Amino acid sequence: MRNKLIVWLVFCSFTIYGQNLKVVENELLKHLTKISYWAHFTGNAKISAEDSLDNENEIFYDKLLNYTSKIPSTLAYDFSELKKAHLIITTSSDKKFRIYSWDTELGGTMKDYESICQYQGDKKVCSKSLNENRQEGDIGCWYSEIFTLETGSKKVYIAYGNAEYSSSGCMQGVQLFSIDNEKLNDKVRLIKTKTGIRNKLYFEFDFFSVANRKERPVKLIYFDENTKTLKIPVVTNKLKVTNQFITYKYNGQFFERVSK
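Residues numbered from 1 in each chain as written. Predicted model: local features only at pLDDT ≥ 70, side-chain atom pairs only at ≥ 80, totals over all residues. Heavy atoms only, no water.

Q: Tell me what's going on with the packing of aromatic side chains, and back it up with residues and numbers.
A: On inspection of all chains with the given rule, the structure shows 16 aromatic pairs. Between F79 and Y100, the ring centres sit 6.2 Å apart and the planes meet at 75°, which makes this aromatic pair edge-to-face. Residue F79 is located in the loop between α3 (49–70) and α4 (80–84), and its partner Y100 is located in strand β2 (residues 97–103); the two are separated by 21 residues in the primary sequence. With a relative accessible area of 1%, F79 lands in the buried category. Its relative accessible area of 0% is what places Y100 among the buried residues. One aromatic cluster in this structure is built from F147, Y160, F223, Y250 and F255. The aromatic ring of F245 is capped on one face by K231, whose charged end is 4.7 Å from the ring centroid. (Phe/Tyr/Trp six-rings, centres within 6.5 Å; stacked < 30°, edge-to-face > 60°. Helix = DSSP H or I, 4+ residues; strand = E, 2+ residues; numbered from the N terminus. Buried < 20%, exposed > 50% of the residue type's maximum accessible area, 1.4 Å probe, protein only. Lys NZ or Arg CZ within 6 Å of the ring centre and 35° of its normal.)

Q: Mind laying out the pairing of strand β3 (residues 113–120), listing which residues take part and the relevant values?
A: Where burial is concerned, most of β3 is hidden: seven out of the eight residues are buried. The sheet contact formed by β3 and strand β4 (residues 125–129) spans five bridges and is antiparallel. Bridging from a neighbouring strand, Q120 pairs with V125 of β4. Joining the antiparallel neighbours β3 and β4 is a turn of four residues. (Pairing = 2+ DSSP bridges.)

Q: Residue-level account of the packing of helix α2 (residues 21–39) against α3, with values.
A: Put simply, α2 and α3 touch, their axes get as near as 9 Å, and they point 160° apart. With respect to their mutual orientation, α2 and α3 come out roughly antiparallel. As for the relative orientation of α2 and α3, their crossing is left-handed in sense. Contacts between α2 and α3 pair V24, E27, L28, H31, L32, K34, I35, W38 and A39 from the former with A49, S52, L53, E56, N57, I59, F60, K63, L64 and Y67 from the latter. (Axes fitted to C-alpha atoms, helices over the stretch in contact; angles between N-to-C directions. Parallel < 35°, antiparallel > 145°, perpendicular 65-115°, else oblique. Left-handed = near helix turned anticlockwise from the far one by under 90°. Contact = heavy atoms within 4.5 Å.)

Q: Now, about the pattern of salt bridges: what can you tell me, with residues and values included?
A: Under the defined criterion, the tally for this structure stands at twelve salt bridges. For the salt bridge of D78 with K83, the shortest nitrogen-to-oxygen distance reads 2.9 Å. Among the residues examined, D78 registers a relative accessible area of 42% and is labelled partly exposed. Under the relative-accessibility criterion, K83 is labelled partly exposed at 38%. Each of E27, K30 and K63 takes part in salt bridges that share partners, so that together they form one network. (Salt bridge = Lys/Arg side-chain N within 4 Å of Asp/Glu carboxyl O.)

Q: Could you give me a rundown of the pairing of strand β5 (residues 142–150), with the residues and numbers involved?
A: Where β5 and strand β6 (residues 155–164) come together, eight bridges link them in antiparallel fashion. When the bridges of β6 are listed, F147 appears paired with I158. Where β5 folds back on β6, the antiparallel hairpin that results is connected by four residues, among which G152 adopts a positive phi of roughly 105°.

Q: Quick one: what's the story with unusual backbone geometry, residue by residue and with numbers?
A: Cis rather than trans, the peptide bond between R216 and P217 has omega equal to 0°. On the secondary structure map, P217 appears in the loop between β11 (200–206) and β12 (222–224). At N181, a residue that is not glycine, the phi angle is positive and equals roughly 60°. Structurally, N181 can be placed in the loop between β7 (169–180) and β8 (183–185).

Here you go:
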């Protein structure tokens with residue numbers, strides 16, 4: 001099914017590229033809206049809402065991946081109508097790295113998110129799924145912020161991910177990326193921990209322990225670009241978020257934990 005869609009998209013691209021980005025946005029909005037429609041469908045029992053929901057997610061995924069890889073100007077476009085329809089778009093401060101995330105509505109209380117990354121390579125704008133290697137049963141993250149680390153040799157993007165397992169069970173964390181020529185490097189290992197040098201740093205927590213905080217989404221991770229320090233909250237064995245932090249500072253080679 002997906003291969004057929006890709007062939008169809010390539011064929012249609014010659015006409016859509018000549019049009020403005022509002023046409024592209026409206027095309028994507030049509031399918032994003034249908035995802036919500038089928039997720040809440042209560043009509044004819046003979047119609048498989050689940051199959052239709054899965055199909056609309058595939059179509060939206062393929063079109064978003066195609067347009068963001070073939071139309072460079074999409075990297076800077078606001079997509080305000082898609083944001084209103086709950087597509088989450090997070091862009092780095094230099095405007096060269098962006099992540100699109102959406103709730104597929106396939107997960108129930110355990111939210112299932114799909115994410116596509118778009119970035120400026122040396123010669124062209126590219127895009128790639130961030131969930132290509134997901135195992136069955138895994139849920140994806142959505143990304144609320146992108147921090148930037150200047151290492152001297154290259155720029156590293158620190159993507160702030162969020163996941164929801166249930167009404168109270170949540171996860172937050174960071175994953176490191178860099179752009180190497182035209183390729184996205186999602187294996188940048190700079191976080192030094194007791195168990196090894198990592199590319200990701202995630203923690204689970206009880207949402208109700210921070211529910212009284214005003215900001216949404218709840219922000220628990222902080223990065224200071226000037227001091228190159230990353231702050232992760234201390235979470236108790238019962239997954240309660242405390243007011244204490246574990247601080248990792250970039251020393252020119254790795255993020256290492258700062259001793260108190």
